[in-house]
Amino acid sequence: VEDNVFEPFTKSFYVEPEEIKAMTEAEVSELRLGLDNVIIKGQDCPRPIIKWSHLGLTTDVMNLITDEFKFLSPTPIQAQAIPAIMSGRDVIGISKTGSGKTVSFFLPLLRQIKALQPLSRDETGPLGLILAPTRELAIQIHEEACKFTKETPTIRSICCTGGSELKQQINDLKRGVEIVVATPGRFIDLLTLNAGKLVNTKRVTFVVMDEADRLFDLGFEPQITEIMKTVRPDKQCVLFSATFPTKLKSFASRILHKPISITINSKSLINENIQQQVQIFDSDQGKFEALMQLLDSQIKYDHEIEEDRDEKTIVFVSSQQICDLIYNCLLDQNYTTFAIHAGKPYNERASNLEKFKSTRNGVLLCTEVLSRGLNVPEVSLVIIYNAVKTFAQYVHTTGRTARGDKHGVAATLLLNDELAAAYILNKSFRDKELDSLSTESRNLLKKMAEKFESGMKIGKYRLTKGFGGKGLEHMEKLNDEKQ
Ligand code: ADP
Ligand code: MG
C-alpha cells in the first residue's frame, strides 16, 4: 500500500489539563504508584489522568459514563492508556481481566471516528476495526460498544464472527458500518468476498487487537499479519492483553509503531520477602509502647538462646527531636541504640553507623531523610515510627530489610489521622498481610485509605515530598536485578 493515496486524518485529540500539567515529576511518579503501580515503557508517554473530566470528552459521552454507567473514576489502565491513545500513539496495554480494557480503547476509537470524514454512499467501511480471538469475546465487545453508540446513528457497529449468519452480516455490511468487531478468520473471509467490493480496509485508521495473548495462542498471527498488510501504514494501532508473553512481544514490535507499553501491577511494589505489618493508634503514648514491645520481642526475647544471633533493627523517625527523645528513652531501658540525624556532626554520624554495624542486635534510630544516602547494613526489622508520606518513601524505608534473598519485617506504627500513609499501606499490603490484621484494624485502615482517596479526587489531599522518579527507578532496578 502506498501512503499518498490516503486522506490525512487526525489521531491526536488529547490536551493535557492544567491540573495535570502543574504536577511535579515526583507527584506524577506517586500518581502512577497509586494507580496500581503503572509501569510505562516507550518515549514521551503522557501523564495519567485522575478523573474523567480531564479527557475533554463530549457531554453525551461524559453523561453516559458518569450518569448511566456510573463509572466513578477511570480504572488504572484507563487513566494511563486513554491519554496515551488519544495523543495518537500506538499503545500496548497489559492489565488483568476485568480491569476495564474495553473502555480504554473504545473511547479513543470513538473520538477518532467522530472526527473522520463520514462514509460516502459507495463506501461500506469500516473506519475502526476491532479484532478479538473468539466469537464470545467479539460479542461482548460489540455489546459494550453499542452502549456507547446507541444514541449516535452515525456510528454503526457490527459483529462478524464465524458461526453466525454470514448472510445477515453481508446485508448489514452493505448498508455501511463504521466499526467492525471481528474474529480474524471471519474478517479475512469477508475481505475476499466480491474481490473486496463488500468490505475493505481502505478507510480503516484505527485497529484494536484485544485479548492479544489469546489471539496469538489460537494461532491467528498469520491472519492478523495479512489483515495489517492491507491497512494504511499510518493507521493507529493498539493491543490489549491480560498477559504479555515473549512471543507476543516480538509480534507486537512488528505490528506496532513506536508503541508506548503500559503495564498495570506487574509485580508488587514491595519486595516479596518483606512481611508488612501495621498497628494503628489514637495517641503517641500507645505508639511508643508498641515500639518498646516490638524492640523487646526482636532483641531481648531469644537473645540468650542463640549466642551468635544478629538481628538488627532500624527505626525511622521524622525529625531530630523525635530521634533524640526516643534515643534517650531507649538508653534508659538499656538498649544498645545508635542515633543518626542531620543535627549531628558528620564524624559522629559515621562512627555511630560503624558501631551499629558491628553491634549484634543493635538498634539504629534514623531520620528518613538522612538515611537515603547512607549505606546501612542488612537489618531484619524496620520500624516506621512516623508515617510515610509517599510511596517512594515507603519503598525506600521498607527496602532496608530483606536484601538479597533474606527475609525481613517492615512494621508501621500509624496514628489514626495519618491518612496518606493508610492509603499507601492499604495499596501496598498483599491480601495475606491484610488478612493477618484484626478485623478492626483492617476496617480502620480501609476507612482511612478511602477518606484519603476521595480527598485526592477533589484536590484536598495529595501525595508529595517524595524523592521523585529517579530514586524509585533505582529501587525498581534493584528489585529487578534480584528477581
Ligand atoms: P477487561 O477487558 O479488562 O477484562 P472490561 O473492559 O470487560 O475488562 O470491563 C470489566 C467491567 O468493568 C465491565 O462490566 C465494565 O463495564 C466495567 N468498567 C469499565 N470501566 C469501569 C470504571 N471506570 N469504573 C467501573 N466499572 C468499569
Ligand atoms: Mg476485555
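Structure first, text after, so check above.
Residues numbered from 1 in each chain as written. Chains lettered and ligands numbered in written order. Predicted model: local features only at pLDDT ≥ 70, side-chain atom pairs only at ≥ 80, totals over all residues. Heavy atoms only, no water.

The next subject is the nonpolar core. By size, the foremost hydrophobic cluster in this structure holds 54 residues, and its most contacted members are Phe 106, Leu 107, Ile 130, Phe 148 and Ile 262. Ranked by size, the runner-up nonpolar core spans 42 residues in total, among them Cys 366, Ala 402, Leu 434 and Leu 445. (Core = buried A, V, L, I, M, F, W, Y, C linked by side-chain atoms within 4.5 Å. Buried < 20%, exposed > 50% of the residue type's maximum accessible area, 1.4 Å probe, protein only.)

As summarised here, the arrangement of the eight strands in space is 1-8-2-7-6-3-5-4, forming an open sheet in which the pairing is mixed. Of all the strands in the sheet, just strand 1 (39–41) and strand 4 (157–160) have a single pairing partner and so form its edges. Geometrically, the sheet is characterised by an average inter-axis angle of 15 degrees between neighbouring strands, direction not taken into account. Across four bridges, the pairing between strand 2 (residues 91–94) and strand 8 (residues 260–263) is parallel. Note on strand 8: the bridge partner recorded for Ile 92 is Ser 261. Against the sheet, helix 8 (residues 184–192) touches strand 3 (128–131), strand 4 and strand 5 (179–182), its axis set at about 125 degrees to strand 5. (Pairing = 2+ DSSP bridges. Helix = DSSP H or I, 4+ residues; strand = E, 2+ residues; numbered from the N terminus. Axes fitted to C-alpha atoms, helices over the stretch in contact; angles between N-to-C directions. Contact = heavy atoms within 4.5 Å.)

This part covers the side chain of Thr 398. Among the secondary structure elements, Thr 398 is positioned in helix 16 (residues 391–398). For Thr 398, the side chain forms a polar contact with the main-chain oxygen of Tyr 394, separated by 2.7 Å. (Polar contact = N/O pair within 3.5 Å; in protein donor to acceptor, adjacent residues only side chain to side chain.)

Time to look at the packing of aromatic side chains. Any aromatic ring pair is given by two values, namely how distant the centres are and how the planes are angled relative to each other. Scanning the model with the defined rule gives nine aromatic pairs in all. Taken together, a centroid distance of 5.6 Å and an interplanar angle of 50 degrees make the contact between Phe 105 and Phe 240 tilted. One end of the pair, Phe 105, is in helix 5 (residues 101–115); the other, Phe 240, is in strand 7 (residues 236–241), with 135 residues separating them in the sequence. Taken individually, Phe 105 and Phe 240 each receive the classification buried, so the pair is uniform in this respect. (Phe/Tyr/Trp six-rings, centres within 6.5 Å; stacked < 30°, edge-to-face > 60°.)

Spatial strand order, 9-14-13-10-12-11: six strands in an open sheet with parallel pairing. For this open sheet the edge positions go to strand 9 (274–281) and strand 11 (337–340), each flanked by a neighbour on one side alone. Each neighbouring strand pair of the sheet contributes to a mean axis angle of 20 degrees, computed without reference to strand direction. Where strand 11 meets strand 12 (residues 363–367), four bridges bridge the pair, whose relative direction is parallel. Its bridge partner lying in strand 12, Ala 339 is registered against Leu 365.

To continue, consider the pairing of strand 8. A regular strand places its side chains on the two faces of the sheet in alternate fashion. Burial along strand 8 is two-sided: Ile 260 and Ile 262 and Ser 261 and Thr 263, pointing in opposite directions, are all buried. Pairing of strand 1 with strand 8 involves three bridges; the strand directions are antiparallel. Residue Ile 39 lies in a different strand from strand 8, and its bridge partner there is Thr 263.

Let us look at the side chain of His 341. Along the polypeptide, His 341 turns up in the loop between strand 11 and helix 14 (346–358). Of the polar contacts made by the side chain of His 341, one reaches the side chain of Asp 324; its length is 3.0 Å.

Another aspect to go through is the site of ligand 1. Every one of the 14 residues lining ligand 1 counts as a neighbour, but Ser 73, Gln 78, Gly 98, Lys 101 and Thr 102 are closest to it. Interatomic distance of 2.5 Å between a backbone N/O atom of Gly 98 and an oxygen atom of ligand 1. Between ligand 1 and the protein, one listed contact pairs an oxygen atom with a backbone N or O atom of Ser 99 at 3.1 Å. Here ligand 1, which alone exposes 570 Å², has 72% of that area covered by the protein. (Near = heavy atom within 4 Å. Areas by Shrake-Rupley, 256 points an atom, 1.4 Å probe, with all protein chains shown as cover.)

Now for the environment of Val 315. Relative to the assigned elements, Val 315 resides in strand 10 (residues 313–317). Exposure remark for Val 315: the relative accessible area of 0% places this residue in the buried category. Excluding residues that lie within four positions of it along the chain, Val 315 makes contacts with Leu 291, Val 363, Leu 364, Leu 365, Cys 366, Ile 383 and Tyr 385.

Attention now moves to the environment of Ser 157. Tracing the sequence through the fold places Ser 157 in strand 4. Judged by its relative accessible area of 17%, Ser 157 falls in the buried class. Residues Ser 157 and Pro 245, 88 residues apart in the sequence, show an inter-C-alpha distance of 31 Å. Ignoring any residue separated from it by four or fewer positions in sequence, one finds Ser 157 in contact with His 142, Ala 145, Ile 179 and Val 181.

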